[in-house]
Amino acid sequence: MRIVAISGSLRAASSNAAVLRAVAMLAPADVEVALYEELGELPQFNPDDDDTPGPVVERWRALLRAADGLLVSSPEYAHGVPGSLKNALDWVVGSGELERKPLGLINASPRATHAQASLHETLTIMSATLVPAACVALPVSGRDLDAAGIIADPELAAGLRAALTALIAEISRPPEDA
């Protein structure tokens with residue numbers, strides 16, 4: 001099973017990326033959690049280029065097509081989703097890679113609710129399958145924790161394990177009859 005993890009932050013010391021690295025460390029041996037590393041390399045979305053977007057966008061789309069599920073952890077900037085993350089999502093609106101894809105949202109700063117609400121709305125309209133039990137808010141931001149520090153905190157580790165378990169269960173669930 002392959003889960004793509006997407007941090008909405010481009011910061012080198014991002015708490016959102018640390019959370020996703022912690023999830024990768026907590027994953028069972030038969031589950032690969034791969035952190036997407038090219039968010040800042042995606043060109044600005046232009047509908048005129050949607051059919052011939054270039055290699056970075058093609059890799060992004062192929063990665064999503066190959067994923068069994070996704071986890072997104074994003075900061076909130078000025079009550080919104082960071083532009084780089086919204087741009088990445090815009091590149092797959094028309095091509096449909098997120099349709100019916102199980103997805104969890106991790107909020108590393110529980111006080112930051114506007115971006116999470118916006119992501120929820122955007123992903124719902126894109127027909128992603130948001131897994132409620134895989135959507136968690138954990139007090140990580142501002143604590144200067146790396147992935148190992150997050151795992152060492154019993155409350156944080158338990159929250160991430162629960163979210164990951166819920167996402168894996170949704171991915172493993174047989175499709176409903178059409």
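Residues numbered from 1 in each chain as written. Predicted model: local features only at pLDDT ≥ 70, side-chain atom pairs only at ≥ 80, totals over all residues. Heavy atoms only, no water.

Enquirer: Where do I start with the environment of N46 in this structure?
Expert: On the secondary structure map, N46 appears in the loop between β2 (32-35) and α2 (55-66). Within the structure, the side chain of N46 is placed 2.8 Å from the backbone nitrogen of D48, a separation counted as a polar contact. (Helix = DSSP H or I, 4+ residues; strand = E, 2+ residues; numbered from the N terminus. Polar contact = N/O pair within 3.5 Å; in protein donor to acceptor, adjacent residues only side chain to side chain.)

Enquirer: Which parts of the structure should I look at to understand the environment of P82?
Expert: Relative to the helices and strands, P82 resides in the loop between β3 (69-73) and α3 (83-90). In this structure P82 comes out as buried when scored by relative accessible area, which is 3%. What P82 contacts, discounting residues up to four positions off in sequence, is G8, S74, P75 and Y77. (Buried < 20%, exposed > 50% of the residue type's maximum accessible area, 1.4 Å probe, protein only. Contact = heavy atoms within 4.5 Å.)

Enquirer: In this structure, what is going on with helix α6 (residues 154-172)? I would like to understand it.
Expert: Owing to its 3.6 residues per turn, the α-helix brings residues three or four apart onto one side. In a regular helix each residue adds 1.5 Å, so 19 residues correspond to 27 Å; α6 covers 26 Å between its end C-alpha atoms and thus fits that length. Burial in α6 covers these residues: L156, A157, G159, L160, A163, L164, A166, L167, I168 and I171. Where α6 begins, one side-chain oxygen reaches toward the backbone nitrogen of E155, 3.0 Å away; that side chain belongs to D153. (Expected span 1.5 Å × (residues − 1).)

Enquirer: Please clarify how the pairing of strand β4 (residues 102-107) should be interpreted in this entry.
Expert: Counting buried positions over the six residues of β4 gives six, a clear majority of the element. Residues of β4 alternate between two faces, with P102, G104 and I106 on one and L103, L105 and N107 on the opposite face, all of them buried. The β-α-β motif built from β3, the intervening α3 and the parallel element β4 has right-handed crossover chirality. Relative to strand β5 (residues 129-130), β4 is paired through two bridges, and the arrangement is parallel. (Right-handed = clockwise from strand over helix to strand, strands pointing away. Pairing = 2+ DSSP bridges.)

Enquirer: Even after reading the chapter, I still don't get the pattern of salt bridges, so can you show me in this structure?
Expert: A side chain with one charge can pair with a side chain of the opposite charge if their charged atoms come near. Within the structure shown, the criterion is met by seven salt bridges. A salt bridge links E32 to R2; the shortest N-O distance between them is 3.2 Å. Within this pair, whereas E32 is found in strand β2, its partner R2 is found in strand β1 (residues 2-7), the two being separated by 30 residues in sequence. For E32, a relative accessible area of 39% corresponds to the partly exposed category. Note that D50 is salt-bridged to R61, the shortest N-O span being 2.4 Å. Of the two residues, D50 sits in the loop between β2 and α2 while R61 sits in helix α2, which places them eleven residues apart along the sequence. The exposure classification of D50 matches that of R61, with both residues buried. (Salt bridge = Lys/Arg side-chain N within 4 Å of Asp/Glu carboxyl O.)

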